[in-house]
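Results of the structural survey
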Amino acid sequence: MGLTIDPADQDGTLWFTFTNSSAAAVTFTVKANAYRADGPWTYQVPAGESARDFWHAGTYGNGWYDMTVTATGDAAWSQRFVGHIETGTESVSG
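Residues numbered from 1 in each chain as written. Predicted model: local features only at pLDDT ≥ 70, side-chain atom pairs only at ≥ 80, totals over all residues. Heavy atoms only, no water.

Focus: the overall build of the protein chain
Here is the rule we go by: Every helix listed is a DSSP run of H or I at least four residues long, and every strand listed is a run of E at least two residues long, numbered separately from the N terminus. Exposure classes here rest on a 1.4 Å probe applied to the protein chains alone. A residue is buried below 20% of its type maximum, exposed above 50%, and partly exposed in between. Contacts are assigned to residue pairs with any non-hydrogen atoms lying within 4.5 Å of each other. Shrake-Rupley sampling with a 1.4 Å probe provides the accessible areas, and residues are treated as covered by the protein chains on show and by no other component.
On a plain count of helices and strands, the protein chain comes out with one helix and seven strands. In the protein chain, the succession of helices and strands from N to C terminus is β-β-β-β-β-α-β-β. In the protein chain, which comprises 94 residues, the share counted as buried stands at 31%. A separation of at least 24 residues holds for 56% of the contacts in the protein chain among residues at least 6 apart in sequence. Carbon and sulfur atoms make up 50% of the accessible area of the protein chain, which amounts to about 5700 Å² in all.

Quick word on the sheet that holds strand S7 (residues 78-84)
Each strand in a sheet pairs with its neighbour through backbone hydrogen bonds, running either in the same direction (parallel) or in the opposite one (antiparallel). Put simply, the rule is: Pairing between strands is defined by DSSP: at least two bridges between them are needed. For helices, the axis comes from a line fit to the C-alpha atoms of the stretch in contact; other axes are also lines fit to C-alpha atoms, and the angle between any two N-to-C directions lies between 0 and 180 degrees.
Spatially, four strands are ordered S4-S3-S6-S7 in an open sheet, and the strand pairing comes out antiparallel. Each of the sheet's edge strands pairs with one partner strand only, and the pair in question is strand S4 (41-45) and S7. In this sheet, neighbouring strand axes are inclined to one another by 20° on average, regardless of whether the strands run parallel or antiparallel. Direction of pairing for strand S3 (residues 26-34) relative to S4: antiparallel, over a ladder of five bridges. Residue Thr29 lies in a different strand from S4, and its bridge partner there is Thr42.

A closer look at the side chain of Asp66
As a reminder, the rule being used: The term polar contact refers here to a pair of N or O atoms within 3.5 Å; inside protein, the definition further demands a hydrogen-donor-capable atom paired with an acceptor-capable atom, and it admits residues adjacent in sequence only when both atoms are side-chain atoms.
Along the chain, Asp66 falls in strand S6 (residues 64-71). A polar atom in the side chain of Asp66 sits 2.6 Å from the side chain of Arg80. Not counting chain neighbours up to four residues away, the residues in contact with Asp66 comprise Lys31, Ala32, Asn33, Ala34, Tyr35, Arg80, Phe81 and Val82.

Points about the nonpolar core
What tends to happen in soluble globular proteins is that the nonpolar side chains get buried as a cluster. Which entries qualify depends on this criterion: Here, nonpolar core means buried Ala, Val, Leu, Ile, Met, Phe, Trp, Tyr and Cys residues that are tied together by side-chain atoms lying within 4.5 Å of each other.
Judged by nonpolar contacts, the single largest core of 18 residues is most densely connected at Phe16, Phe18, Val30 and Trp55. Of all the secondary structure elements, the ones that give two or more residues to this core are strand S2 (13-19), S3, S4 and S6.

What about unusual backbone geometry?
The omega torsion across Gly39 and Pro40 is 5°, close enough to zero to call that bond cis. For Pro40, the position within the fold is in the loop between S3 and S4.

A few points about the environment of Gly2
One can find Gly2 in strand S1 (residues 2-5). Separated by 50 residues in sequence, Gly2 and Arg52 have C-alpha atoms that sit 9.5 Å apart. Contacts of Gly2, omitting those with residues within four sequence positions, involve Trp15, Phe16 and Thr17.

All we've got here are geometric facts, nothing functional implied.
Here's what the structure looks like:
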C-alpha cells in the first residue's frame, strides 16, 4: 500500500497503489474521514497483483486529505493518510 504525490502535478492529485502480496484476492477499502462526503471506494486486487487510483485533494478539500485504507483478510491492518498538498494557490488552513 502506498501513496504518491507527483511534485510536478499542480492539481493536488494523490495516487494510491494497492499491492496484494498474499496468495488470495484482497479487497482494499478507502474511506474519507474528512473533506469528502462520498465513498467508500473498494478495489479487488488478485493475488500477487496491484491496482492504482487517484484522488483530487485540490478539488475536494482545498488541498487537504484524510483517508483510511483497510483490507480484507486482516481486520487489524489499516493505514491512515492525512495531509495537505501545496499547489501554489491560496489555501484554507485545516
